[in-house]
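Working through the structure, step by step
Spelled out from the first residue to the last, the chains are:
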Protein chains: 2
Amino acid sequence: MPEISDKANLMPESPIRKLVPYAEKAKKEGRKVYHLNIGQPDISTPKEALEAVKNTDIKVVEYTHSAGNESYRKKLAQYYQQQGINVDHTEMLITTGGSEAVLFAFNTCLNEGDEVIIPEPFYANYNGFAITAGVKVKPVTSSIEHDFALPSIDEFEELITEKTKGIVICSPNNPTGYLYSEKEMQKLKTLVQRHDLFLFSDEVYREFCYDGKAHTSAMHLEGIENNVVLLDSVSKRYSMCGARIGALISKNKDIVANALKFAQARLCPPAFGQIAGEAALDTPKEYFDEVYNEYIERRNFMVDALNNMEGVYSPLPKGAFYTVVRLPVDDSERFAQWMLSDFHYNNQTVMIAPASGFYSTPGLGKDEARIAYVLNIEDLKNAMETLEQALREYPGRTVEQTASAERSRQ
Amino acid sequence: MPEISDKANLMPESPIRKLVPYAEKAKKEGRKVYHLNIGQPDISTPKEALEAVKNTDIKVVEYTHSAGNESYRKKLAQYYQQQGINVDHTEMLITTGGSEAVLFAFNTCLNEGDEVIIPEPFYANYNGFAITAGVKVKPVTSSIEHDFALPSIDEFEELITEKTKGIVICSPNNPTGYLYSEKEMQKLKTLVQRHDLFLFSDEVYREFCYDGKAHTSAMHLEGIENNVVLLDSVSKRYSMCGARIGALISKNKDIVANALKFAQARLCPPAFGQIAGEAALDTPKEYFDEVYNEYIERRNFMVDALNNMEGVYSPLPKGAFYTVVRLPVDDSERFAQWMLSDFHYNNQTVMIAPASGFYSTPGLGKDEARIAYVLNIEDLKNAMETLEQALREYPGRTVEQTASAERSRQ
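Because the structure is predicted, anything quoted here is derived from the model rather than measured.

1. Digging into the relation of the copies chain B and chain A
With an RMSD of 0.0 Å, chain B superimposes on chain A once it is rotated by 180° and translated 0.0 Å along the axis. The transformation just described matches what one would write down for a two-fold rotation axis. Closest to the rotation axis within chain B is the C-alpha of Lys54 of chain B, separated from it by 2.0 Å. Comparing interface residues between copies, 99% of those in chain B also lie at the interface in chain A; the contact surface is shared.

Pasting the structure below:
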């Protein structure tokens, strides 16, 4: 029996999904599990998108253009223009989710052995894409002590070697909810210019910026147009993660032309998803206002509830719909599993994503977890009550240590 | 401006799609272009599939399971059982088209620098997937002189080195339409066993076997269950190439478990496509009978027409909906481009896929082209008449040489 590949052995299991069997077991035992572990919003997909798919009159579900339907790209270019991002339809490829956009970007821009710097904690699947592309991730740590702000440029500089080819950022951030300020983006620009690096900018949470904060896109930064690759997705914007529609966008014509070759090899992005994506561009403003208000309410409620639990600390995220919290536990992975296997409260339990899977540096994030506020307020209330109870009962609770650590940091 | 990657530079442009700009120009000039160059059937998608999508009542287009919806996998397992392929739903992953199945298989089983042997001419995108995965393709040539039968096992043996990890086959074959006999499949089995190789078997044209010939799946071969990876797709079976739904199937639990990690990184296959794919399994037998009769009629008409043209030779393909023909031209790529740019007949022209892009050995296939019979008989008639006229007028025609070559071979 031949052996599987080194890459396959290196590929991490999804830190978000590896607890799934425990959750399934809890459900089979009749327990309600509140899923705070995944970025799957409960918000309805815009009816414009759903109806376009339902009303389609195609008779043959044909391959589309490898770059995506031209009508969709043209309309999408208008959307970006409205965001102050000056692109036309020839400067983008429609991809199969944001995932494929990341993979195309890495494959197009990076050689086997090249290094990319990523502020950690970061979206865990970047690891998978880096391994797939043979690229090495060098983490620069952002910490909960600074509410996950951009690490200093000096810290980036220390990591730069001859192999460094790019920086990957995600703002608003998954998992932390941190939104880079314009000032932070300008610092990144200087760094990118100084070392002529690629800047891979994952902006799939663009619409989720709170408290009046503006979103600064990497494509707003003047002078590094040939360095920036924008990675995007309709998944969160229109709550249609399953459509698998994203985009790779760049002013650098070489990047788009070469990414197209990878796109041609896989023929085309999904036809039905493109119909939904194109129609979703007609979603009225009221939809986003409603969604915005809903998330603000959820965030405020949840972050308050978390910070009122003994020994728990959550920053106030300015974007996306996650927060990374510090928990008074010995090991958040053990705690998460324990909640699913050995704990219930009113026959309910909670599923969270241990943060260690979002860090690349071994040992970091052991007392942190990513919590998503993708449930309605009523469910969130039950989930917070259940989580608080779980923290009280958990045998590996470390509240004294954490409480003193909290004090020493203040 | 940072440089793009070596992989991107290596990635070939699709030989099928690189003539597209010439075709677009011809169309803009008001010419009718018959597309014999692509595997996009004109056959209607089964109404069962289309209606399932149109009638869906989902409110939120959520992520599905990374391995694909369990209900779909369970029903798909029944389909395979009916094909004499003994698998259950845990032995498969639903993929984003057959393309992703190939990529997952390569990434899971092969290391950077490993070699796979592929009978050429072969589906050109295998090159793209091999480059993406850092794998080297070693071609073993099947020739039009033998109607593209499996090359001898000795020829395979000569190519085997320490780096050889697998063999890729496609039967019924794209581009040649050749269908491996059970005897040929048994030979491959012996080879796979002797060297403990992976056998990647692309069987997306399984339903398209003609003249009473049975399809032998690699999963019918006893004793190499841990070596076989079946690569499949709904694209051709149900004429829904744009749905982007395929499958990776193996009895080797290691392969499926590790491929799942790549699947988790990209989250899930398309939700709408899975709805269509699951419903398509209820397509009545009459649909396939009709499709079968249609393709038989087209094949017989087209192969006859081709062989009646002076200096043209086409084998009689036993499967799929392509044939690779020998043409009396100096260079089939130049000829294909010339037909689009400099030729028209009754304001019509024909687009074919030059065969050189399907060969890995430089120089081979220069006087061959892949022709797909994916148009209705009426269009095929016009296309054949137009092609014949083009061959008469083409300045690079080599009919004398080819005719004598034909004679010398008989």
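We are not done yet, so read on.
2. Notes on the sheet that holds strand E5 (residues 164-170) of chain B
Residues and elements named next belong to chain B. The strand order across the open sheet built from seven strands is E2-E8-E7-E6-E5-E3-E4, with neighbouring strands paired in mixed fashion. The sheet is open, and its two edges are formed by strand E2 (92-95) and strand E4 (136-141), each paired on a single side. Each strand of the sheet is rotated relative to its neighbour by a mean of 20°, with strand direction disregarded. Looking at chain direction, strand E7 (residues 228-233) and strand E8 (residues 246-249) are connected through four bridges and run antiparallel. Pairing of Ser233 across the sheet is with Gly246, part of E8.

3. Here's the deal with the pairing of strand E12 (residues 368-372) of chain B
Residue and element names in this part refer to chain B. Taken across its five residues, E12 has five buried, putting it largely inside the fold. Residues of E12 alternate between two faces, with Glu368, Arg370 and Ala372 on one and Ala369 and Ile371 on the opposite face, all of them buried. Looking at chain direction, strand E9 (residues 322-326) and E12 are connected through five bridges and run antiparallel. Paired with Val324 across the strands is Arg370, a residue of E12. Here two bridges tie strand E11 (residues 353-354) to E12, and the two strands are oriented antiparallel to one another. Each bridged residue has a counterpart across the sheet, and for Ala353 the counterpart in E12 is Arg370.

4. Concerning the interface of chain B and chain A
In this assembly, 81 residues from chain B lie in contact with 80 residues from chain A. Taking both sides of the interface into account, the surface hidden between chain B and chain A amounts to around 6400 Å²; carbon and sulfur atoms contribute 56%. The interface formed by chain B and chain A holds zero salt bridges in total. Here chain B is connected to chain A by 36 residue pairs in polar contact (both at pLDDT 80 or more). Examining the composition of the side of chain B that touches chain A, we find that seven residues originate from one element, helix H9 (residues 253-265) of chain B, more than from any other. A class-by-class count of the residues in the side of chain B that touches chain A yields 34 nonpolar, 29 polar and 18 charged.

5. Observations regarding the packing of aromatic side chains
Summed over all chains, the structure comprises 42 aromatic pairs over all chains. With 5.2 Å between their ring centres and 50° between their planes, Phe321 of chain B and Tyr322 of chain B make a pair best called tilted. Just as Phe321 of chain B is buried, Tyr322 of chain B falls in that class too. Taken together, the ring pairs in this structure connect Tyr205, Phe208, Tyr295, Phe321, Tyr322 and Tyr373 of chain A into an aromatic cluster. Across the ring face of Tyr295 of chain A, the terminal group of Arg298 of chain A is positioned such that the distance to the ring centre comes to 5.3 Å.

Criteria and cut-off values
- Residues numbered from 1 in each chain as written.
- Chains lettered and ligands numbered in written order.
- Predicted model: local features only at pLDDT ≥ 70, side-chain atom pairs only at ≥ 80, totals over all residues.
- Heavy atoms only, no water.
- Least-squares fit on C-alpha atoms with pLDDT ≥ 70 in both.
- Contact = heavy atoms within 4.5 Å.
- Pairing = 2+ DSSP bridges.
- Helix = DSSP H or I, 4+ residues; strand = E, 2+ residues; numbered from the N terminus.
- Axes fitted to C-alpha atoms, helices over the stretch in contact; angles between N-to-C directions.
- Buried < 20%, exposed > 50% of the residue type's maximum accessible area, 1.4 Å probe, protein only.
- Buried area = accessible area lost by both parts, 1.4 Å probe.
- Salt bridge = Lys/Arg side-chain N within 4 Å of Asp/Glu carboxyl O.
- Polar contact = N/O pair within 3.5 Å; in protein donor to acceptor, adjacent residues only side chain to side chain.
- Nonpolar A, V, L, I, M, F, W, Y, C, P; charged D, E, K, R; others polar.
- Phe/Tyr/Trp six-rings, centres within 6.5 Å; stacked < 30°, edge-to-face > 60°.
- Lys NZ or Arg CZ within 6 Å of the ring centre and 35° of its normal.

So, to be careful, I would describe these as geometric facts and stop short of saying anything about function.
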